[in-house]
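# Observations on the three-dimensional arrangement
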Amino acid sequence: MQASDRFAWYSDQVQQYIFPIRLSTPHTEDFRSEVSALQLGVVQVAHFTFPPLSAARTARHIRQADPEMYQLGWVRRGTVGCTQLRNDGFIPAGDMVLFDTSHPLEADIRTGDATVEITILRIPRSSLSLPTAQTDRLLARRLPHDAVSGVLLSRHVDTLVTQAARLGPAEAHRLGTVTAALATCFAAEVLGRQELAPPESRTAELRARIVGFISSHLADPDLRPASIAAHHHISLRTLHTLFRHEPTTVAATIRRLRLEKCHDDLADPRLRDLPIAALAARWGLLLPAEFSRAFKAAYGMSPGDFRAEAARLHGSARNH
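Numbering of residues starts from 1 in each chain and follows the order in which that chain's sequence is written. With pLDDT at 70 or above as the cut-off, local features in this predicted model cover only qualifying residues; side-chain atom pairs require 80 or more to be listed or tallied, and sums for whole chains, interfaces and linings still use all residues. The side-chain values count all of the structure's non-hydrogen atoms but skip hydrogen atoms and water molecules.

### Quick word on the nonpolar core
Put simply, a nonpolar core is a bunch of buried Ala, Val, Leu, Ile, Met, Phe, Trp, Tyr and Cys residues held in one set by side-chain atoms that sit within 4.5 Å of each other. Each residue is placed in one exposure class: buried if its accessible area under a 1.4 Å probe, protein chains only, is under 20% of its type's maximum, exposed if it is over 50%, and partly exposed if it falls in between. Among the nonpolar cores identified, the biggest contains 33 residues, and L40, L72 and L153 are the most heavily contacted of them. Under the DSSP-based scheme used, a helix requires at least four consecutive residues in state H or I and a strand at least two consecutive residues in state E, with every element numbered from the N terminus. Secondary-structure elements contributing two or more residues to this core are β2 (34-40), β3 (43-50), β5 (69-77), β8 (96-100), β10 (116-124), α4 (148-162) and α5 (169-191). Contacts are residue-level and defined by heavy atoms, with any inter-residue pair within 4.5 Å sufficient. In this structure L40 touches V45, L160, L167, A172, H173, L175, G176 and T179, once residues within four positions along its chain are discounted. Counting 25 residues, the second-largest nonpolar core is a separate cluster that includes I21, F99, V116 and A140.

Below, the structure is given as structure tokens:
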């Protein structure tokens, strides 16, 4: 494809596969964009990079096609100036913004360098469980995400983007439900109306908070269900109830996350001189024989064999 045709093709793809919208850019002759998407049931996580552009979705576009989606954008690089439903916003890099495909929209997306970078959650309107009149107040507004629900949501999105290749269909569908629940709690928090989030969303948020706590304390060999429950001021029974419908128990979740860290470290050529037992101990696994059995059960080979195979593949890739 010739460089001068890229923007027309990109605009056509957006019109066809996302929704009707008018795009314009001063970079028609050298337009470059990258798009990756992860489908999580009815929720989608998409990551975009592109040059500065402007967008306008009119009432005519909406009549042509409306997927009835909320689009929660996390601006990674660049700035977004936008107008929707009489709300005007300027969103700098690092903050979030919410759009609704069912209302006209104008957006001007700029950056000081060559590339804008945005991660977008596409969530059906019916899955963001807040009153529409309340959600409308958030449209095209700057949404800082430095409070509890926002931090949880941003960490969750980052994990989805980096771990997409590991997700099977059932796990992806479950995580779509979790993502919608976290987005609901985040929106309620920004509104200052946490009570608007339904109980199941608040439960999902608490569960995500606990998983986040586990992830950040994997190196602690004393990380156990009892200490996790105490830290979150809930009973051990409540903790186990929270995980009752999850794929694994609390203890199994701790073990799985530790093994994933060890798996990544064993594949890292920068850590090849670190003894396997020391590597496992970094993540709270202090018994080498027990670690070896658990690793083989999870990945089908011993830690030593996996490290050797990873080193061979790395060497082969480097030689090519």
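### Structural notes on the sheet that holds strand β6 (residues 79-84)
If you trace the five strands from one edge of the open sheet to the other, you get β1-β4-β9-β6-β7, paired in antiparallel fashion. On the outer flanks of this sheet lie β1 (22-24) and β7 (87-91), each paired with one strand and no other. Within the sheet, the average angular offset between the axes of one strand and its neighbour, ignoring direction, is 10°. Between any two strands, pairing holds if DSSP finds at least two bridges. Interaxial angle, 0 to 180 degrees, is taken between N-to-C directions of lines fitted to C-alpha atoms, where a helix line uses only the stretch in contact.

### Digging into the sheet that holds β8
Taking strand neighbours across the sheet as the criterion, the five strands line up as β2-β3-β10-β5-β8 in an open arrangement whose pairing is antiparallel. The two strands at the open ends of the sheet, each matched to only one other strand, are β2 and β8. Across the sheet, the mean angle separating the axes of adjacent strands is 20° when strand polarity is ignored. Two elements, β3 and β10, share seven bridges in a ladder whose sense is antiparallel. Each bridged residue has a counterpart across the sheet, and for V45 the counterpart in β10 is L121. Of the strands in this sheet, β2, β3, β5, β8 and β10 touch α4, which is tilted by about 85° from β5. Docked against the sheet, α5 engages β2, β3, β5, β8 and β10, running at close to 100° with respect to β2.

### Describing the packing of helix α9 (residues 250-266) against helix α11 (residues 288-299)
Two elements in contact, α9 and α11, have axes whose closest approach is 11 Å; the angle formed by their N-to-C orientations is 85°. Relative to α11, the element α9 is oriented roughly perpendicular. For the pair formed by α9 and α11, the contact residues are R255, L259, E260, C262, H263 and L266 on the first element and F291, A294, F295, A298 and Y299 on the second. Orientation is classified from the angle alone, with under 35 degrees giving roughly parallel, over 145 giving roughly antiparallel, 65 to 115 giving roughly perpendicular, and any other angle giving oblique.

### Regarding empty space enclosed by the protein
Note on definitions: the grid is 1 Å and covers protein atoms alone; a cavity is a set of points where a 1.4 Å probe fits but cannot get out; a pocket is an open set with protein on both sides within 12 Å along at least five of seven lines; lining residues have an atom within 4 Å of a point. Grid points are joined across faces, edges and corners, and a volume is the space filled by probe spheres set on the points. Here the structure, examined in full by the defined rule, presents three cavities of 30 Å³ or more. Taken together, 28 residues form the lining of the largest cavity, with F19, I21, Q71, I109 and I120 sitting closest to its centre. Those elements that place two or more of their residues in the lining of the largest cavity are α1 (6-17), β3, β4 (53-57), β5, β6, β8, β9 (105-110) and β10. With four residues, β5 is the largest single contributor of residues to the lining of the largest cavity. Among the residues making up the lining of the largest cavity, the classes are represented as 20 nonpolar, five polar and three charged. Estimates place the volume of the second largest cavity at around 50 Å³. Each residue is assigned to one class: nonpolar for Ala, Val, Leu, Ile, Met, Phe, Trp, Tyr, Cys and Pro, charged for Asp, Glu, Lys and Arg, and polar for all the others, Gly among them.

### Concerning the side chain of D100
Checked against the element boundaries, D100 lands in strand β8. A residue is classified by how much of its surface remains accessible, and D100, at 2% relative accessible area, is buried. Those residues within four positions of D100 in sequence are excluded, and the remaining contacts are M69, Y70, Q84, R125, D136 and L139.

### A closer look at the environment of G300
One can find G300 in the loop between α11 and α12 (303-319). Accessibility expressed as a relative area gives 58% for G300, which makes it exposed. Remark: the alpha-carbon pair of G300 and L139, spanning 161 residues in sequence, is separated by 48 Å.

### Notes on the pairing of β3
In terms of burial, β3 is a largely internal element, eight of the eight residues being buried. Of the two faces of β3, both are covered, the one formed by V43, V45, H47 and T49 as well as the one formed by Q44, A46, F48 and F50. Summarising the sheet, β2 and β3 pair through seven bridges and their orientation is antiparallel. Following the sheet pairing, L38 is matched in β3 by V45. Counting the residues that bridge the hairpin from β2 to β3 gives two residues, and of these G41 lies at a positive phi of roughly 65°.

### Some details on unusual backbone geometry
Positive phi, normally seen in glycine, also occurs at E68, with a value near 55°. Mapping E68 onto the fold places it in the loop between α2 (59-64) and β5. With a relative accessible area of 47%, E68 lands in the partly exposed category. A positive phi angle, close to 50°, is found at L85, a residue other than glycine. With a relative accessible area of 27%, L85 lands in the partly exposed category.

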